[in-house]
Amino acid sequence: MGLVQLLKSQVLCHLIMCYVFVVSGLIINLLQFCTLPVWLINKQLARRINIRLAYCISSQMVATLEWWSETECTLYTDPESFPLYGNENAIVVLNHSYDIDFLCGWTFCERFGVLGSSKVLAKKELSYVPVIGWMWYFLEIVFCKRKWEEDRTTVAQSLQNLHDYPENFWFLLYCEGTRFTRKKHQISMKVAESKGLPKLKYHLLPRTKGFWVTVQNLRGKAVAVYDATLNFRNNETPTLLGVMSGKKYHADLYVRRIPLDLIPEDEAECAAWLHKLYQEKDGFQEQYAQTGRFPGPVKSPPRRPWCLINWLFWVCLLLYPLGLLLVQLISSGSALTIAVAVALFSAASLGFRWMIGQTEISRGSSYGSKAVPLNNN
Ligand SMILES: CC/C=C\C/C=C\C/C=C\C/C=C\C/C=C\C/C=C\CCC(=O)SCCNC(=O)CCNC(=O)[C@H](O)C(C)(C)COP(=O)(O)OP(=O)(O)OC[C@H]1O[C@@H](n2cnc3c(N)ncnc32)[C@H](O)[C@@H]1OP(=O)(O)O
Ligand SMILES: CCCCCCCCCCCCCCCCCC(=O)OC[C@@H](O)COP(=O)(O)O
């Protein structure tokens, strides 16, 4: 292990990264809060400001992936679709199998210039996570409780609000509804069997209602569905802590662009269409397992320097006061002050660990670990 690699794997280094991320994030959350009056006067201006403020937060995590861990992100897609990416509104359907699949998604958003405005149908619990969850509130992210009776109206309304959104965005949908685990897979395949649907090997059975409601409510705004299938080379199981430790991963993403007009409007037909899509995705994963690659040519956009520049800016701005504080603390010589500082430091470390835990499948929810009885309405 080289010296730089050794440095990157140090816990102290991770704590400093978390400190910069959280403190800068809270400053940006505060600035976002200050845009509320602007919203009342000029909604589109407030949205544009929030897109840029959100970029300052999410691009720090992208910088960690691209510049710190130097993870390689390869895109398999057809050259005709490539020029459209980033220049239109789209719904992205992605498999949900890795701790950092959202981060790989963000990396592609960054490379196609839609990181600040990118959206997702996210579980409500994430809205309470400081920095990211609070940032999402101002970005008009669509939250769901994963209880259809409650979600059907709120999700539709939040999607309708995006019709006059001023900048291009990608709307991410994890139709599986939860992250892949062996247990959840077994249960969902029992549901597939009871519905007479073919079994999937690499995916959970997709939940179709969120997809249908999204397609229906974004018609006229989004023009395509990007069917995105992600995998990692050499059976890598990437984690956020691995990325922060400077581990280099190799992500491969296969994207097919499907015009929205081709997706049926009728709910049952739309559900059948999505099930077929997941069977195809399963086939792509099988091909990847056999050959180590997805179909089609490779057309990867290069990483851009902006997220690194933003990250370095916050590092420079926030490390100086931290250094001053430490010097003052040590020179004070007061045992009580030092004890309070140690207690605060420990509490902050636990908070950081809890935030990182939100990305870990092993700490995921129990959603999808038992089959909800079938209903036929
Ligand atoms: C060029 C490059 C291209 C692309 C780059 C890639 C990506 C970049 C794009 C954007 C990035 C943007 C942001 C990313 C940043 C961060 C994202 C991070 C995290 C957020 C993710 C989440 O929070 S995922 C969880 C929330 N989302 C969802 O759940 C969405 C899917 N769910 C649904 O659609 C649901 O239908 C619902 C939520 C709307 C409602 O949930 P409910 O549970 O009430 O659902 P259902 O009605 O669906 O459930 C009952 C039906 O399901 C059957 N059932 C029962 N048990 C199971 C089971 N175990 N598995 C499957 N199905 C089951 C049941 O029988 C019912 O069936 P019916 O036939 O009666 O419907
Ligand atoms: C720049 C340096 C980086 C420092 C990092 C510091 C802390 C990072 C905190 C990240 C916070 C949260 C990101 C939220 C993304 C979580 C994505 C996710 O995958 O959610 C899970 C849901 O989809 C489904 O939930 P489950 O039912 O599987 O349960």
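Residues numbered from 1 in each chain as written. Chains lettered and ligands numbered in written order. Predicted model: local features only at pLDDT ≥ 70, side-chain atom pairs only at ≥ 80, totals over all residues. Heavy atoms only, no water.

**Considerations on the UniProt feature "domain: Phospholipid/glycerol acyltransferase" (unreviewed entry) in the protein**
Line of reasoning, step 1. On the UniProt side, "domain: Phospholipid/glycerol acyltransferase" (unreviewed entry) is annotated at positions that read residues 90–212 here.
Line of reasoning, step 2. Secondary structure within residues 90–212 divides into 40% helix and 14% strand; the distance between the first and last C-alpha atoms comes to 14 Å. (UniProt positions renumbered as here; feature names shortened; annotations may be inferred. Helix = DSSP H or I, 4+ residues; strand = E, 2+ residues; numbered from the N terminus.)

**Focus on helix 9 (residues 208–218)**
Line of reasoning, step 1. Burial runs high along helix 9: 8 of the 11 residues are buried.
Line of reasoning, step 2. Buried within helix 9 are the following residues: Thr208, Gly210, Phe211, Val213, Thr214, Val215, Asn217 and Leu218.
Line of reasoning, step 3. Packing partners of the buried residues in helix 9 comprise strand 2 (90–94), strand 3 (119–123), helix 7 (148–160), strand 5 (170–173), strand 6 (224–232) and helix 11 (267–291). (Buried < 20%, exposed > 50% of the residue type's maximum accessible area, 1.4 Å probe, protein only. Contact = heavy atoms within 4.5 Å.)

**A word on the packing of helix 2 (residues 11–34) against helix 4 (residues 43–68)**
Line of reasoning, step 1. Axis separation between helix 2 and helix 4 bottoms out at 8 Å; the angle between their running directions is 165 degrees. Between helix 2 and helix 4, the crossing angle belongs to the class labelled roughly antiparallel. Considering only the axes of helix 2 and helix 4, their crossing is left-handed. Seen from helix 2, the contacting residues are Cys13, Met17, Val20, Phe21, Ser24, Gly25, Ile28, Asn29, Leu31 and Gln32; seen from helix 4, they are Asn50, Leu53, Ala54, Cys56, Ile57, Gln60, Met61, Thr64 and Trp68. (Axes fitted to C-alpha atoms, helices over the stretch in contact; angles between N-to-C directions. Parallel < 35°, antiparallel > 145°, perpendicular 65-115°, else oblique. Left-handed = near helix turned anticlockwise from the far one by under 90°.)

**Quick look at the UniProt feature "transmembrane region" (unreviewed entry) in the protein**
Line of reasoning, step 1. UniProt marks residues 12–40, 308–330 and 336–356 with the feature "transmembrane region" (unreviewed entry), using the numbering shown here.
Line of reasoning, step 2. Here residues 308–330 runs as 100% helix and 0% strand, with 32 Å between its end C-alpha atoms.
Line of reasoning, step 3. Summarising residues 336–356: 100% helix, 0% strand, and an end-to-end C-alpha distance of 30 Å.

**Description of unusual backbone geometry**
Line of reasoning, step 1. The residue glutamate 140 is not glycine, and still its phi comes out positive at about 60 degrees.
Line of reasoning, step 2. With respect to the helices and strands, glutamate 140 occurs in the loop between helix 6 (132–138) and strand 4 (142–144).
Line of reasoning, step 3. Note on glutamate 140: relative accessible area 15%, which makes it buried.
Line of reasoning, step 4. Positive phi outside glycine occurs at arginine 146, with the angle close to 60 degrees.
Line of reasoning, step 5. The residue arginine 146 is located in the loop between strand 4 and helix 7 in this model.

**Things to note about the environment of threonine 239**
Line of reasoning, step 1. Note on placement: threonine 239 falls in the loop between strand 6 and helix 10 (240–244).
Line of reasoning, step 2. Take threonine 239: its relative accessible area is 28%, and that puts it in the partly exposed class.
Line of reasoning, step 3. C-alpha separation for the pair threonine 239 and valine 62, spaced 177 residues apart in sequence, amounts to 14 Å.
Line of reasoning, step 4. Other than its neighbours up to four places away in sequence, threonine 239 contacts Asp99, Ile100 and Tyr249.

**As for the site of ligand 2**
Line of reasoning, step 1. Taken together, 17 residues are adjacent to ligand 2, and His96, Arg146, Thr178, Arg179 and Ser365 come closest.
Line of reasoning, step 2. In this structure, an oxygen atom belonging to ligand 2 sits 3.0 Å away from a side-chain N or O atom of arginine 146.
Line of reasoning, step 3. Threonine 178 has a polar side-chain atom sitting 2.6 Å from an oxygen atom of ligand 2. (Near = heavy atom within 4 Å. Polar contact = N/O pair within 3.5 Å; in protein donor to acceptor, adjacent residues only side chain to side chain.)

**A closer look at the packing of aromatic side chains**
Line of reasoning, step 1. As enumerated under the stated definition, the model contains 18 aromatic pairs in all.
Line of reasoning, step 2. Ring centres 4.8 Å apart and planes at 70 degrees place the aromatic pair tyrosine 85 and tyrosine 226 in the edge-to-face group. Here tyrosine 85, found in the loop between strand 1 (72–76) and strand 2, pairs with tyrosine 226, found in strand 6; they are 141 residues apart in sequence, far enough to count as distant.
Line of reasoning, step 3. On the basis of relative accessible area, tyrosine 226 is assigned to the buried category, the value being 3%. (Phe/Tyr/Trp six-rings, centres within 6.5 Å; stacked < 30°, edge-to-face > 60°.)

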